[in-house]
Amino acid sequence: MPDSPHVRISEVSKSFTTESETLLALDDVSLDIERGEFVCLLGPSGCGKSTLLRIIGGLLEPTTGDVSIGNRTPGDAQAEKSLGYIFQDPSLMPWRTAEDNIRLPLQVNRAKNRDSAPSVEGLLKLVGLERFGHYYPSQLSGGMQQRVALARVLAFEPSLLLMDEPFGALDEITRGAMRYELMRIWDADQKTVVFVTHSISEAVTLSDRVVVLSGQPGQVKGIVDIDLPRPRTDGLETDKLFLEYAATLRGLLSQEITNG
């Protein structure tokens, strides 16, 4: 029997109710994500990408349907520290140095894999900040702060990373560079990643598959396999096949704009 998918999303819908109305944010979303796969969720604003990511991670309950992570509930996976979140805001403690920010989850969760956890020095080296461990967040660029946030999440070696537009607040040049930094780090052990983005080029650069969500309510409009060689380098974006994938995704998204 083949291994079950790392993440299974089964007929998930999500509604938000206020005093005056009920908003259907997601409608009957089903998706399997294999272990070690890098999947981007792409779609127009308000299509439910971040809502779906939070449901996968157990931060929101679906209205209907269910999610499993390695045959466990998201809550169980969260309790076991087998998934990690990275958001647009790195949320570093400003009074702690980079190395102390990375050390924080190990101090808070002393009983969890204390002996087997990677060293702070090793994590700083992995994210390319071995010379900046003693710097405070205010002394680091936005891209460096996000690398500290990534190292902090990797401290417990989660098997699943959930990333909600982690580069969205960065300038375009830094954002482009961070894509390839993430690829370099991901290549080290190829964790399963679900990554939310508005950027077509970012989705093609990073992904094994891009899941395109429709406008509200979010549904799976299409799934595009990205068959580009790895490791991926910064010359990739002028490649003919890269441009063809980008055009395909742009076409799917433009249909949503037209239909909307």
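Residues numbered from 1 in each chain as written. Predicted model: local features only at pLDDT ≥ 70, side-chain atom pairs only at ≥ 80, totals over all residues. Heavy atoms only, no water.

A. Inspection of the nonpolar core at higher detail. Core analysis: the largest hydrophobic core is formed by 52 residues, its most contacted members being Phe38, Leu182, Phe195, Val204 and Leu249. Per-element accounting of this core gives the leading share, seven residues, to helix 5 (residues 142-154). Discounting residues that sit within four places of it in the chain, leucine 182 has contacts with Phe38, Leu150, Met163, Phe167, Phe195 and Leu206. If you look at the next biggest cluster of nonpolar residues, it comprises 25 residues, including Val12, Tyr85, Leu160 and Leu213. (Core = buried A, V, L, I, M, F, W, Y, C linked by side-chain atoms within 4.5 Å. Buried < 20%, exposed > 50% of the residue type's maximum accessible area, 1.4 Å probe, protein only. Helix = DSSP H or I, 4+ residues; strand = E, 2+ residues; numbered from the N terminus. Contact = heavy atoms within 4.5 Å.)

B. Representation of the pattern of salt bridges within the structure. Within the structure shown, the criterion is met by 13 salt bridges. A salt bridge links arginine 175 to glutamate 202; the nearest nitrogen and oxygen atoms lie 3.0 Å apart. Of the two residues, arginine 175 sits in helix 6 (residues 172-189) while glutamate 202 sits in helix 7 (residues 200-206), which places them 27 residues apart along the sequence. An identical accessibility class is assigned to arginine 175 and glutamate 202; each is buried. Across the pair arginine 184 and glutamate 181 runs a salt bridge, and its minimum N-O distance is 2.9 Å. Of this pair, arginine 184 and glutamate 181 both sit in helix 6, three residues apart, roughly one helical turn. Salt bridges sharing common partners tie together Glu172, Arg175, Arg179, Glu202 and Glu237. (Salt bridge = Lys/Arg side-chain N within 4 Å of Asp/Glu carboxyl O.)

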